[in-house]
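Read off the chains here:
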Amino acid sequence: MNFSEILKINAILKSVIESPTNVVIFALDTEYKYIAFNERHKNEMRLIWGAEVKEGVCMLDLIKNEDDRKKAKLNFDRALKGESFTIIEEYGEEEKKRAYYEDHYSPIKLPDGKIIGLTVYLTEVTEKVKREKRLKELNENLEKLVELRTDEIRKTENKLLKILDLIPEVIAVHKEGKVVYVNKSGMKIFGYDSHEEMYKKSVAEFIHEDSKEISAKRIGEMSKKETVLPFEEFKFVRKDGSIFKGEVSSLSVKEEDGFYIYTFIRDLTERIEAQKQLTETHNIFSKAIENINGVPYKFSYSDNKYEFIGRGVKKLLRVESEEVDFNLMRKLIKEIVILDQKFKDLTPAEYAKKLRSGEIERFKADYKIVFPDGEVKWLNDSSVAVKDKKTGKVIGSLGILQDVTQRKKIIERLSETLSTARHLIEDSSDGITILDYEGNTIEWNKSLEEIVGLKKEEVIKRKIWEITALNFIRLGAYKKTKKEIEEAHRKIIRTMISLGSSRTFEWAIAKEGGKVTISLHTFVIKTKEKKLLGAIVRDISRQKEIEENLRKAKEAAERSDKLKSEFLAQISHEIRTPLNIILSFTDLIRAEVSQFLTDEVRYGFDAIGSASRRIIRTIDLILNMSELQTGTYEPNFKEIKLCDVVESLINEFKFQAKERGLELIWDKRCEECEIRADEYSVSQIFANLIENAIKYTKEGFVKVSVYKEEGKNKVCVEDTGIGIAKEYLPHIFDPFSQEYQGYTRKFEGNGLGLALVKEYCKINNAEVFVESQKGVGTKFTVV
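Here the structure is a predicted model, which means the values were calculated and not measured.

Remarks on the pairing of strand β11 (residues 295-300)
Here is the key point about a regular strand: its side chains alternate between the two faces of the sheet. With six of its six residues buried, β11 lies for the most part within the structure. On β11, burial covers both faces: Val295, Tyr297 and Phe299 on one face and Pro296, Lys298 and Ser300 on the other are all buried. Summarising the sheet, β11 and strand β16 (residues 394-403) pair through six bridges and their orientation is antiparallel. Bridge pairing links proline 296 to isoleucine 400 in β16. Where β11 folds back on strand β12 (residues 305-308), the antiparallel hairpin that results is connected by four residues, among which asparagine 304 adopts a positive phi of roughly 55°.

A closer look at a negative patch on the surface
Residues Glu226, Glu255, Glu256 and Asp257 make up a contiguous surface patch of negative charge. Along the chain, aspartate 257 turns up in the loop between β9 (243-255) and β10 (258-267).

With respect to empty space enclosed by the protein
Per the stated rule, a full pass over the model turns up three cavities of 30 Å³ or more. For the second largest cavity, the calculated volume is near 310 Å³. If you go around the second largest cavity, you meet 22 residues; those closest to its centre are His174, Val203, Ile207, Thr263 and Ile265. Among the elements of the structure, β6 (170-175), β7 (178-182), α8 (212-222), β8 (228-237), β9 and β10 are those that each provide at least two residues to the lining of the second largest cavity. Partitioned by chemical class, the residues of the lining of the second largest cavity number 17 nonpolar, four polar and one charged.

Here we look at the packing of aromatic side chains
Taken as a whole, this structure holds 20 aromatic pairs when the rule is applied. Measuring from centroid to centroid gives 5.4 Å for phenylalanine 190 and phenylalanine 206, while their planes differ by 75°, and the two rings are edge-to-face. With phenylalanine 190 in helix α6 (residues 184-190) and phenylalanine 206 in the loop between α7 (195-198) and α8, the pair connects residues that are 16 residues apart, well separated along the chain. A relative accessible area of 3% places phenylalanine 190 in the buried class. A ring pair is formed by tyrosine 633 and tyrosine 680, whose centres lie 6.4 Å apart and whose planes are at 40°; its orientation type is tilted. Of the two residues, tyrosine 633 is situated in the loop between α20 (599-630) and β22 (637-641) and tyrosine 680 in helix α22 (residues 679-695); the sequence distance between them amounts to 47 residues. Accessibility expressed as a relative area gives 38% for tyrosine 680, which makes it partly exposed. Sitting over the face of the ring of tyrosine 260, lysine 175 holds its NZ or CZ atom 5.9 Å from the ring centroid. When the ring centre of tyrosine 301 is taken as reference, the NZ or CZ atom of arginine 356 above it lies at 4.1 Å.

A few points about the pairing of β6
For β6, the buried fraction is high: six of the six residues fall into the buried class. Taking every second residue as pointing to the same face, both faces of β6 are buried, with Val170, Ala172 and His174 on one and Ile171, Val173 and Lys175 on the other. Relative to β10, β6 is paired through five bridges, and the arrangement is antiparallel. Each bridged residue has a counterpart across the sheet, and for valine 170 the counterpart in β10 is isoleucine 265. Where β6 meets β7, four bridges bridge the pair, whose relative direction is antiparallel. Residue valine 173 lies in a different strand from β7, and its bridge partner there is tyrosine 181. Turn length for the β6-β7 hairpin, with the two strands adjacent in sequence and antiparallel, is two residues, and the turn residue glutamate 176 shows positive phi of about 50°.

Description of α8
Those residues of α8 lying buried are Ser215, Arg218 and Met222. When α8 is viewed along its axis, its buried side chains cluster within an angular range of 65° and face the same direction. Exposed and facing more than 90 degrees away from the buried side of α8 are Glu213 and Lys217. Close packing links the buried residues of α8 with β8, β9 and β10.

Here we look at the pattern of salt bridges
Pairs can form between side chains of opposite charge whenever their charged atoms are close. Taken as a whole and assessed by the stated rule, the structure comprises 27 salt bridges. With a closest N to O distance of 3.0 Å, glutamate 52 and arginine 46 form a salt bridge. Among the residues examined, glutamate 52 registers a relative accessible area of 42% and is labelled partly exposed. By relative accessible area, which is 34% here, arginine 46 ends up partly exposed. Between arginine 318 and glutamate 375 there is a salt bridge, with its nearest N and O atoms 2.1 Å apart. Of the two residues, arginine 318 sits in the loop between α10 (313-317) and α11 (326-332) while glutamate 375 sits in the loop between β14 (362-370) and β15 (376-387), which places them 57 residues apart along the sequence.

Notes on the state of the cysteines
Applying the stated criterion across every chain yields a total of one disulfide. Here cysteine 670 connects covalently by a disulfide to cysteine 673, the sulfurs 1.6 Å from one another. Residues cysteine 670 and cysteine 673 are joined by a disulfide whose S-S torsion is about -125°; by sign, that bridge is left-handed.

So, unusual backbone geometry
For tyrosine 32, which is not glycine, the phi dihedral falls at a positive 70°. Of note, tyrosine 32 is situated in the loop between β1 (24-29) and β2 (34-37). The exposure class assigned to tyrosine 32 is buried, which follows from its relative accessible area of 15%. Its identity as a non-glycine residue notwithstanding, glutamate 176 has a phi of 50°, on the positive side. For glutamate 176, a relative accessible area of 66% translates into the label exposed.

Comments concerning the sheet that holds β8
The sheet built from five strands is open, its strands ordered β7-β6-β10-β9-β8 with antiparallel pairing. Two strands in the sheet have a free side with no partner beyond their single neighbour: β7 and β8. Between one strand and the next, the sheet's axes are offset by a mean angle of 30°, whatever the strand orientation. For β9 and β10, the ladder comprises ten bridges, and the chain directions are antiparallel. Counterpart to serine 250 in the pairing with β10 is threonine 263. Sitting on the sheet, α8 touches β6, β8, β9 and β10, and the angle it makes with β8 is about 145°.

Here's the deal with the environment of arginine 218
In this structure, arginine 218 sits in helix α8. Sequence-wise, arginine 218 and leucine 229 are eleven residues apart; in three dimensions their C-alpha atoms are separated by 8.0 Å. Setting aside its immediate chain neighbours within four residues, arginine 218 contacts Leu229, Pro230, Glu232, Phe234, Val248, Ser249 and Ser250.

What counts and what doesn't
- Residues numbered from 1 in each chain as written.
- Predicted model: local features only at pLDDT ≥ 70, side-chain atom pairs only at ≥ 80, totals over all residues.
- Heavy atoms only, no water.
- Buried < 20%, exposed > 50% of the residue type's maximum accessible area, 1.4 Å probe, protein only.
- Helix = DSSP H or I, 4+ residues; strand = E, 2+ residues; numbered from the N terminus.
- Pairing = 2+ DSSP bridges.
- Patch = residues over 30% accessible without salt bridge, like charges linked within 9 Å, V, L, I, M, F, W, Y side chains within 5 Å.
- Areas by Shrake-Rupley, 256 points an atom, 1.4 Å probe, with all protein chains shown as cover.
- Salt bridge = Lys/Arg side-chain N within 4 Å of Asp/Glu carboxyl O.
- Lys, Arg positive; Asp, Glu negative; His and termini not counted.
- Charge placed at Lys NZ, Arg CZ, Asp CG, Glu CD.
- 1 Å grid on protein atoms, 1.4 Å probe; cavity = no way out; pocket = protein on both sides within 12 Å on 5 of 7 lines; lining within 4 Å.
- Points joined across faces, edges and corners; volume = space filled by probe spheres on them.
- Nonpolar A, V, L, I, M, F, W, Y, C, P; charged D, E, K, R; others polar.
- Phe/Tyr/Trp six-rings, centres within 6.5 Å; stacked < 30°, edge-to-face > 60°.
- Lys NZ or Arg CZ within 6 Å of the ring centre and 35° of its normal.
- Arc of directions from axis to C-beta.
- Contact = heavy atoms within 4.5 Å.
- Disulfide = S-S within 2.5 Å.
- Axes fitted to C-alpha atoms, helices over the stretch in contact; angles between N-to-C directions.

Below you can see the structure in the form of structure tokens.
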């Protein structure tokens, strides 16, 4: 190729290099010297290395970073060998600019194939590389997070299952009519010992005949679509055949393999018992409130039922008393106004919830009732909570419904205009007064004259604080100065103006013949001309007296529950005494005629003795428990030898153990086990434990050990008996609780023995622990 062709190639190369403005382009000869370059490259070299690019200058001499220079030379040599390639690399000086570039290397060839140099196209891709790095980091972090969340979900699932086992109600899941899950409470309520017993069983096996039709209908509906069915009452059958009522709510969820039905069952046994208690309490309250104005009622939370006392319901609600229930009241009530200022910021639902939970004792509210024909009434509801004596749980309320429509109408009309309310003010049975913002009295009706004892002509156009001072000072019942009285009233007026809403106060005032309590309902009246302050005053002295009677009646009902326990203790004594006489004379008669007894008669005498001793034992346990519950048991603490107490019981139970073919082992490992305790209750602790061990052991041994360990006295009662199910262990110390229930149970007893052991341990500052395995045996340790 001649020189003119080379110049022509060089001219074309320069025109290509100079054309783009967003790409770095340069060309080098075989000695790495510049042949051509664009303006962008010239600027980048100046920015990165502070170098001035010129034709004929070796580019490697301009790269100051040693590593970058070596890297560039390697790439140049690859291109000069005839290779075209693209690579992403980082170049630059840290102090000025360090960036990533996507470099395209190509050799410059003559037509005869000779390589005379190379060209490089560079595009800065720093942000792209950073994004890819960040994306990679995010992806790695995401994978770690997914792994972490998966582990957390697994842990949460395990915790959820544990929580479900703690819920006292039944939580069950079934699919295609078969049980696939049930919590521990469900097993207990239905009387099963393990999950396996209930799994895969047909749901129909747990439903009583009376409820099977509606159950099948609900399951059929929920097996077709995802839905939630509200609570409905069912009858259920336990494993032992006993029947109980429960409320059921269900939710169906569609999974890949079909519909799963989640069921919540609430056992109504305790609620039904609470209903009985509420009825008894109601009878006491009836006498206290039979003369009250309005309609007294009892409301039960267990079934949301009203029971009204006396007449007047039909006049109040247009229906007979037996037709009134929660649903009817919910339909009729269109608005609820809370009268208790302490809770005025709560919603009606929140306020009612506080009553149900026991946080508040009294409920005060006005209801706006709208009948189907459009008639409107306002009813005042004033009620008190009724609690279950044993559990402390609120089971209902007792209250009074009063028609306060007239009072409400007066307030509404006063708010609209004073002129049209004149006759209502005068005719109102409630006291009404109206003030301006300066405290001047401009209205004082006849009812207020009777309530306060001051005539209208005495108060009109006078300041309200002057009227108050006049009332109290006249009767010598107020010790504050007139200035103090004025400031108190001005403060109330300022509060009303700032709030701009109604408020209700209770106030004791002086009156001829004594003090009276008034309810003062204040409100702001807005008219076209000016703003006024209104107050409706009602003498609630009688209401306060009634409320006090209600409180006393409630206390009387609670005392009656205590009397029941005291009666049980007394009657226990009365039963035990004649039984001892019967047992003694039976033994005497048997001894006298023993030589004439047949085997059948002798068996009868044995049965009489066994049954009598069983009754006496039961009476003793009931009496002991009654003493503990009523607080009449008085322990006698003194120094006693623990070994002597236990050894005397060993001698007492030896014959009983021998009769059952058991070995009663006495393991005495300490001589000086002295404690300060109540001897009778300590003796009862170990008597119950040894008796239980013998009763529930068919073969093997019962071992009683006394020893010291870590400075503490310990007594261990160990047997090789039937053992206790793991699920029942948390309930073994509950009064009247037994693992085997019903008439088909294998062992006699009343479930009081271990409950007494627990209570007597508390009295003697002791602790009792139990270890047991079903079919292996049980070990009780008292420390």
